[in-house]
Structure formats: C-alpha cells, structure tokens
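Geometric and topological summary
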Amino acid sequence: MLNHSSEKSYLSSDTICSSDQTYSALEHVHTPEFLNTIKCSGVRNHVLTLKVDVPVMLLRNIDQSAGLRNGTSLIITKLGNQVIEAKVLSGHMAGQKVFIHRMTLTPSDARIPFKFQRTQFPIAISFAMTINKSQGQSLSYVGLFLKKPVFTHGQLYIALSWVTTRKRLKVLVYDDDGQISTEATNVVFKEDFQNLI
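Computed from a prediction, not measured in an experiment: that's the story for all the values here.

Once that is clear, we can look at the environment of arginine 44. Structurally, the position occupied by arginine 44 is in the loop between α2 (32-36) and β3 (47-51). Considering only alpha carbons, one finds arginine 44 and serine 12, 32 residues apart in sequence, at a separation of 8.5 Å.

Glancing now at the packing of aromatic side chains. The geometry of two aromatic rings is summed up by the distance between their centres and the angle between their planes. Applying the stated rule across the entire model yields two aromatic pairs. Relative to phenylalanine 121, the ring of tyrosine 10 has its centre 4.9 Å away and its plane inclined at 75°; by these criteria the two rings are edge-to-face. Of the two residues, tyrosine 10 is situated in strand β1 (residues 7-11) and phenylalanine 121 in the loop between β9 (116-120) and β10 (123-125); the sequence distance between them amounts to 111 residues. Taken individually, tyrosine 10 and phenylalanine 121 each receive the classification buried, so the pair is uniform in this respect. Between phenylalanine 145 and tyrosine 174 the ring centres are 6.0 Å apart and the planes differ by 80°, which places this aromatic pair in the edge-to-face class. On the criterion of sequence distance, the pair formed by phenylalanine 145 in strand β11 (residues 142-146) and tyrosine 174 in strand β12 (residues 169-174) is long-range, its members being 29 residues apart.

An order of β7-β6-β5-β4-β10 is seen for the five strands of this open sheet, with the pairing classed as antiparallel. At either margin of the open sheet sits one strand with a lone partner, and together these are β7 (97-101) and β10. With direction set aside, neighbouring strand axes in the sheet form an average angle of 45°. With five bridges joining them, strand β6 (residues 83-88) and β7 adopt antiparallel strand pairing. Looking across to β7, one finds that lysine 87 is bridged to lysine 97.

Another point: the sheet that holds strand β2 (residues 13-16). With antiparallel pairing, the three strands of this open sheet are ordered in space as β2-β9-β8. The open sheet is flanked by β2 and β8 (103-105), the only strands paired with a single partner. Direction aside, the axes of adjacent strands within the sheet are offset by 20° on average. Relative to β9, β8 runs antiparallel, the two sharing three bridges. Across the sheet, residue threonine 104 finds its bridge partner in β9, namely threonine 119.

Before going further, it helps to examine the nonpolar core. In this structure, Leu50, Leu74, Ile76, Ile84, Val98, Ile100 and Ile123 are the most contacted members of the largest nonpolar core, which totals 20 residues. Those elements that place two or more of their residues in this core are β3, β4 (55-58), β5 (73-79), β6 and β7.

With that out of the way, let us pick up unusual backbone geometry. The backbone phi angle of aspartate 53 is positive, close to 75°, even though this residue is not glycine. If you trace the backbone, aspartate 53 turns up in the loop between β3 and β4.

Our next topic: the environment of aspartate 14. Within the element layout of this structure, aspartate 14 appears in strand β2. For aspartate 14, a relative accessible area of 5% corresponds to the buried category. Considering only alpha carbons, one finds aspartate 14 and histidine 46, 32 residues apart in sequence, at a separation of 8.2 Å. Within the local environment of aspartate 14, its side chain forms a polar contact with the side chain of asparagine 36, the two groups lying 2.7 Å apart.

Moving on, we get to the pattern of salt bridges. Evaluation of the coordinates by the stated rule reveals two salt bridges. Arginine 118 is the partner of aspartate 14 in a salt bridge, and the nearest nitrogen-oxygen pair spans 2.9 Å. Pair noted here: aspartate 14 is in strand β2 and arginine 118 is in strand β9, with a separation of 104 residues, a long-range link. Note on arginine 118: relative accessible area 1%, which makes it buried. For glutamate 85, the salt bridge goes to lysine 97, with nearest N and O atoms at 3.8 Å.

Parameters at a glance
- Residues numbered from 1 in each chain as written.
- Predicted model: local features only at pLDDT ≥ 70, side-chain atom pairs only at ≥ 80, totals over all residues.
- Heavy atoms only, no water.
- Helix = DSSP H or I, 4+ residues; strand = E, 2+ residues; numbered from the N terminus.
- Phe/Tyr/Trp six-rings, centres within 6.5 Å; stacked < 30°, edge-to-face > 60°.
- Buried < 20%, exposed > 50% of the residue type's maximum accessible area, 1.4 Å probe, protein only.
- Pairing = 2+ DSSP bridges.
- Axes fitted to C-alpha atoms, helices over the stretch in contact; angles between N-to-C directions.
- Core = buried A, V, L, I, M, F, W, Y, C linked by side-chain atoms within 4.5 Å.
- Polar contact = N/O pair within 3.5 Å; in protein donor to acceptor, adjacent residues only side chain to side chain.
- Salt bridge = Lys/Arg side-chain N within 4 Å of Asp/Glu carboxyl O.

If you want it as structure tokens, here you go:
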C-alpha cells in the first residue's frame with residue numbers, strides 16, 4: 001500500500017521508429033538517453049511524477065464511449081507499477097474508477113528531423129484548464145480567471161456552461177487597464193443571428 005504523501009516517478013520508454021528510412025544509422029546516434037531529453041508537443045515528458053489525490057487531465061482518447069477522452073478530469077487513487085487507478089471527476093462517468101495504462105505516441109513536431117516514439121502515461125497534473133480543453137465537461141464547482149478578454153465566439157458561454165449550478169460559479173474578470181471588473185464581454189458574431197428571423 002502506498003502512502004498518500006509519497007510520490008512516484010514514471011520513466012518513459014523512448015525509441016527511434018523502425019519505419020524511419022534512416023533507422024539503422026539513427027539508432028546508433030540517438031541513444032535512449034538522448035531521446036529521453038526531448039521535450040515537444042504531442043508527447044509527455046520523459047519523467048512523470050505523481051501522487052495519490054492529485055488532479056490530472058487525460059491527454060488522449062482512450063475509450064470515448066466510457067467518457068475517457070482528451071480533456072477528462074481525473075484524480076489519482078492508486079499508483080501501480082504498470083497501471084494508474086483514477087476516479088473520473090466529471091461527465092456521465094463521474095465517480096467511476098478507471099485504469100490508465102501507458103500509450104505509445106509519436107510526436108509530429110517538424111523541428112525534430114527524425115521519428116521517435118515515447119511510451120508514457122497520457123496524463124498531466126491539472127489544477128486548472130483552458131476553456132477549449134474543458135468543452136463538454138460538467139463540473140460541480142467552477143472558478144473562471146479571465147485576466148484577458150475572452151476573444152473567441154462562444155468561449156465565454158462554454159466556460160459558464162460547465163457548472164451545474166450558478167451558486168457554485170466564481171468569476172474573476174480584469175478590464176483593459178488591469179483592474180478587477182464586474183463585466184465580461186461575450187464575443188458574438190452578428191452574422192450568426194441574421195438567418196434566425
């Protein structure tokens with residue numbers, strides 16, 4: 001049994017893709033130790049350090065029918081060697097325990113001139129999330145921090161629709177001068193309303 005305060009670090013497994021045409025030359029030049037140092041979008045970092053009771057976000061679709069998709073909020077309940085147990089925090093699966101396994105991902109970062117794959121848990125510690133990442137979620141408590149204006153059509157509506165009741169919504173808005181404000185602008189394209197009449 002793991003102590004709730006103890007943390008556990010998971011190391012990825014990194015290899016050159018055998019489909020890369022220069023595979024035989026690259027596997028001798030780009031050692032696993034070198035591949036471990038690569039940080040880029042589309043893959044988790046080599047080291048992932050977690051604790052029980054830490055909130056995390058799923059970064060890949062695992063089982064969409066079961067609600068395990070990119071952006072799902074979870075809380076860690078157990079840290080195994082090969083599998084992580086977590087409880088779903090939102091959606092129709094809220095309260096259910098699920099098992100997260102490692103996934104093999106290949107980054108598509110154009111700055112990397114060769115293909116490699118990293119096997120790691122597809123989660124990230126998440127005490128907050130962007131409006132876009134939270135689409136489709138239903139949460140008991142929501143705090144919105146709007147330091148800059150919401151600039152995309154419908155984003156404010158999406159953010160406000162997460163919470164199940166208005167009493168559990170807190171919003172902190174800043175105006176253009178950096179002062180706390182009581183108003184937020186909801187960007188709406190007027191063209192959307194022209195065909196409604």
